[in-house]
Amino acid sequence: MNQEKRLPAKIPVIYILIISVVNYLGFLIPSSGGMPVANTNAYNSWIAFMDQHSFIINFLSVITFVIPFILCIVYVPWKGKSPVKYSHFINLPFAFSLIGSLGWILSFLLETVCLFVAKSVYHFEIRSIVFSSFWNIIQEAIFIFTLGFLILDLIHRKLVLPRYFPEGNLRQYPVFIKPSVRFLLVVFYLSIGIFPMEYLLSTMFTLSINNETPIDLKILVVLAFILCFGIIILIIFCDYVDGPLKKLKTGTQKVQEGDYTHHVKIVSNDSFGELADTFNDMTVSLGEKTRKILAIQDSVIKGMAVMVESRDNSTGGHINRTSDCVKVFVDYLVENKAYTNLSPEFCAAIIKAAPMHDLGKIAVDDAVLRKPGKFTDEEYEKMKAHSAEGARIVENVLSEVDDMTFKNIAINVAHYHHEKWNGSGYPEKISGNNIPLEARIMALADVFDALVSKRCYKDSFSYDKAFSIIEESLGSHFDPELGKLFIECRPALQKLYEGYSQN
């Protein structure tokens, strides 16, 4: 969360005054020519009841419009925790417009209650009056909401938010509603297109009933056609604008997740098509730059590993061979039923991390690292420290890397590849499945390469001897199930190492 912002109290007060003015304008709008009086007696009885109880009805009507005013005051984030306070402030236009139109709904409910009371006194039919009142109230509520939202949103978006949130990034605040482009288009079009036409039709219909004169059918058909045509245009225009924006939003989310292969498919010769083409070009450029950065990162990592290996006169080529060995074995694992759940991300990460498994040897003294013979106990303790030191170095080297899967796997490979299944390894002496899978895989590849490769202190073992040693170590040094699969992978591994001997 950003630092505490001081939000002004005057803004909600101004907004409340604007909504009050908009509600007053609603009172000034004629209610569609009055009520339709198909039943004159019922209408007259209703008027008589209202005249008789005018003081009470007027008082209750005022209350129905005071309630939204109070709700607006309650909604305003005068105090409270920052996230809630900011979200309420950001949503003032929508909230106040919605609450402002609530007075008309409450007024209709009050009128309905009064109608039922009047019916019990005068015994007249109230259905047509309720319907007419409901229709008028819906018109007023839509008018109040759309006009209020248009005014408040314009002020809020153009003046208020840029001043108090100049950095933008409003999505960090937990707002309860985020008006979509489709919603805004509907609100705007209702205000300037459909509402006036609907109001005109309602007025003609009411006047026709009250004056008992027929409506000119041609005019009615034309107005109805214009109204329907306006609704169709609204739907088409919403899809025209909202559809491309949704695709662009999805594309942006994909790029944010690191998928630079995703392209936005908008084929049109307009601004949306141009924007999509620009977005796709940007994605390609970002993907190419990202690949270059990753290639440089891989080169630096491998260069560090090769530099460490060059200090150790006993492990020439070990880095490349173990990396290739891990790849062959992982490819074999994903074809086995027990390991089909290995994700492509995991497989790619462990192959990429394999060269880093001995990076900690950079901290081992040359006298120990380059010693051709057997280590003393003290020297062996110094050598064993390379695992924990390697994990620390890898964590520092990858501190700015965003790929947490790769980072964690690389750290685990460096830290735990000398742990043993029975807990007798180092540096943490953990056992069994507590050893990360990537470290168990690395341990097999590391030992296998040490066995079949010639070192300054020993000759290379035959493949039969090497796999025999690994088999004998299942359940003690190596994961027994994983080790069996490693032995099953012998043909591919042997082919890999025979290729080295031919080069």
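For the structure, see preceding data.
Residues numbered from 1 in each chain as written. Predicted model: local features only at pLDDT ≥ 70, side-chain atom pairs only at ≥ 80, totals over all residues. Heavy atoms only, no water.

Undergrad: Sorry if this is basic, but what is going on with the overall build of the protein chain here?
TA: Check the secondary structure of the protein chain and you find 19 helices and zero strands. In the protein chain, which comprises 503 residues, the share counted as buried stands at 43%. Relative to all contacts within the protein chain whose residues are 6 or more apart in sequence, the contacts with residues 24 or more apart total 73%. With the model as given, the accessible surface of the protein chain reaches about 27700 Å², and the carbon-plus-sulfur share is 62%. (Helix = DSSP H or I, 4+ residues; strand = E, 2+ residues; numbered from the N terminus. Buried < 20%, exposed > 50% of the residue type's maximum accessible area, 1.4 Å probe, protein only. Contact = heavy atoms within 4.5 Å. Areas by Shrake-Rupley, 256 points an atom, 1.4 Å probe, with all protein chains shown as cover.)

Undergrad: Explain the packing of helix H15 (residues 404-416) against helix H16 (residues 437-452) to me, please; I cannot follow it from the model alone.
TA: Between H15 and H16, the shortest axis-to-axis distance is 8 Å and the interhelical angle comes to 50°. On the basis of the axis angle, H15 is oblique to H16. Seen from above, H15 lies across H16 with right-handed handedness. On the side of H15, the interface is formed by Asn-408, Ile-409, Asn-412, Val-413 and Tyr-416, while H16 contributes Glu-438, Ala-439 and Met-442. For the contact of H15 with H16, the per-class residue count stands at five nonpolar, two polar and one charged. (Axes fitted to C-alpha atoms, helices over the stretch in contact; angles between N-to-C directions. Parallel < 35°, antiparallel > 145°, perpendicular 65-115°, else oblique. Left-handed = near helix turned anticlockwise from the far one by under 90°. Nonpolar A, V, L, I, M, F, W, Y, C, P; charged D, E, K, R; others polar.)

Undergrad: Looking at this structure, how should I read helix H18 (residues 480-488)?
TA: For an α-helix the count is 3.6 residues per turn, leaving residues at separations of three or four pointing the same way. Here H18 has its buried residues at Leu-482, Gly-483, Leu-485 and Phe-486. Down the axis of H18, the buried side of the element spans an arc of 160°, and every buried residue falls inside it. (Arc of directions from axis to C-beta.)

Undergrad: Hey, could you run me through the packing of aromatic side chains in this one?
TA: The geometry of an aromatic ring pair comes down to the distance between the two centres and the angle between the two planes. The final tally for this structure, using the stated rule, is 14 aromatic pairs. For the ring pair Phe-94 and Phe-145, a centre distance of 5.8 Å and an interplane angle of 85° mean the geometry is edge-to-face. Linking Phe-94 in helix H5 (residues 92-122) with Phe-145 in helix H6 (residues 127-164), this pair joins segments that are 51 residues apart in sequence. Both residues of the pair, Phe-94 and Phe-145, belong to the buried class. Each member of the aromatic cluster is reached from another via a ring pair, and the members are Phe-329, Phe-448, Phe-467, Phe-486 and Tyr-497. (Phe/Tyr/Trp six-rings, centres within 6.5 Å; stacked < 30°, edge-to-face > 60°.)

Undergrad: So what exactly am I meant to see when it comes to the nonpolar core here?
TA: As a rule of thumb, nonpolar side chains are buried together in soluble globular proteins. Ranked by size, the top nonpolar core spans 52 residues in total, and within it Phe-329, Phe-406, Ile-441, Phe-448 and Phe-486 carry the most contacts. With nine residues, the single largest contributor to this core is H16. For Ile-441, the residues in contact, after removing those within four places along its chain, are Val-326, Phe-329, Val-330, Leu-333, Phe-346, Ile-350 and Leu-482. If you look at the next biggest cluster of nonpolar residues, it comprises 42 residues, including Ile-90, Ile-137, Phe-143 and Ile-144. (Core = buried A, V, L, I, M, F, W, Y, C linked by side-chain atoms within 4.5 Å.)

Undergrad: What is the right way to read a nonpolar patch on the surface from this model?
TA: On the surface, Val-222, Phe-225, Ile-226, Phe-229, Ile-232, Ile-233, Ile-236, Phe-237 and Tyr-240 cluster together into a nonpolar patch covering about 860 Å² of accessible area. Along the chain, the position of Phe-229 falls in helix H8 (residues 217-256). Owing to a relative accessible area of 44%, Phe-229 belongs among the partly exposed residues under this scheme. (Patch = residues over 30% accessible without salt bridge, like charges linked within 9 Å, V, L, I, M, F, W, Y side chains within 5 Å. Salt bridge = Lys/Arg side-chain N within 4 Å of Asp/Glu carboxyl O.)

Undergrad: Looking at this model, I keep getting lost on the side chain of Asp-358. Mind explaining?
TA: By the element assignment, Asp-358 lies in the loop between helix H11 (344-353) and helix H12 (366-369). Non-local contacts of Asp-358, meaning those with residues more than four positions away in its chain, are made with Val-308, His-318, His-386, His-417 and His-418.

Undergrad: Sorry if this is basic, but what is going on with H15 here?
TA: With 13 residues, H15 extends 18 Å between its outermost C-alpha atoms, agreeing within 8% with the 18 Å of an ideal straight helix rising 1.5 Å per residue. In terms of residue burial, H15 counts as a mostly covered element, since 10 of its 13 residues are buried. Inspection of H15 places Phe-406, Lys-407, Ile-409, Ala-410, Ile-411, Asn-412, Val-413, Ala-414, His-415 and Tyr-416 among the buried residues, and these make up the whole buried set. The N-cap of H15, judged by a side-chain oxygen 3.2 Å from the amide nitrogen of Thr-405 a few residues on, is Asp-403. (Expected span 1.5 Å × (residues − 1). Polar contact = N/O pair within 3.5 Å; in protein donor to acceptor, adjacent residues only side chain to side chain.)

Undergrad: Explain the pattern of salt bridges here, please?
TA: Per the stated rule, a full pass over the model turns up nine salt bridges. In this structure, the salt-bridge partner of Asp-331 is Lys-327, at a minimum N-O distance of 3.0 Å. Pair noted here: Asp-331 and Lys-327 are both in helix H10 (residues 318-333), with a separation of four residues, about one helical turn. Between Asp-464 and Arg-490 there is a salt bridge, with its nearest N and O atoms 2.5 Å apart. One end of the pair, Asp-464, is in helix H17 (residues 463-472); the other, Arg-490, is in helix H19 (residues 490-502), with 26 residues separating them in the sequence. The partly exposed category is assigned to Arg-490, whose relative accessible area is 24%.

Undergrad: What is the right way to look at a negative patch on the surface in this model?
TA: On the surface, a cluster of negative charge is contributed by Glu-345, Glu-400, Asp-402 and Asp-403. Along the chain, Glu-345 falls in helix H11. (Lys, Arg positive; Asp, Glu negative; His and termini not counted. Charge placed at Lys NZ, Arg CZ, Asp CG, Glu CD.)

Undergrad: Can you help me understand the packing of H16 against H18 in this one?
TA: Contact geometry of H16 with H18 gives a least axis separation of 11 Å together with a crossing angle of 45°. Judged by the angle between their axes, H16 and H18 are oblique. Remark: the crossing between H16 and H18 carries right-handed chirality. Residues Leu-437, Arg-440, Ile-441, Leu-444, Ala-445 and Phe-448 of H16 form the contact with H18, whose participating residues are Leu-482, Gly-483 and Phe-486. Tallied by class, the residues present in the contact of H16 with H18 amount to seven nonpolar, one polar and one charged.

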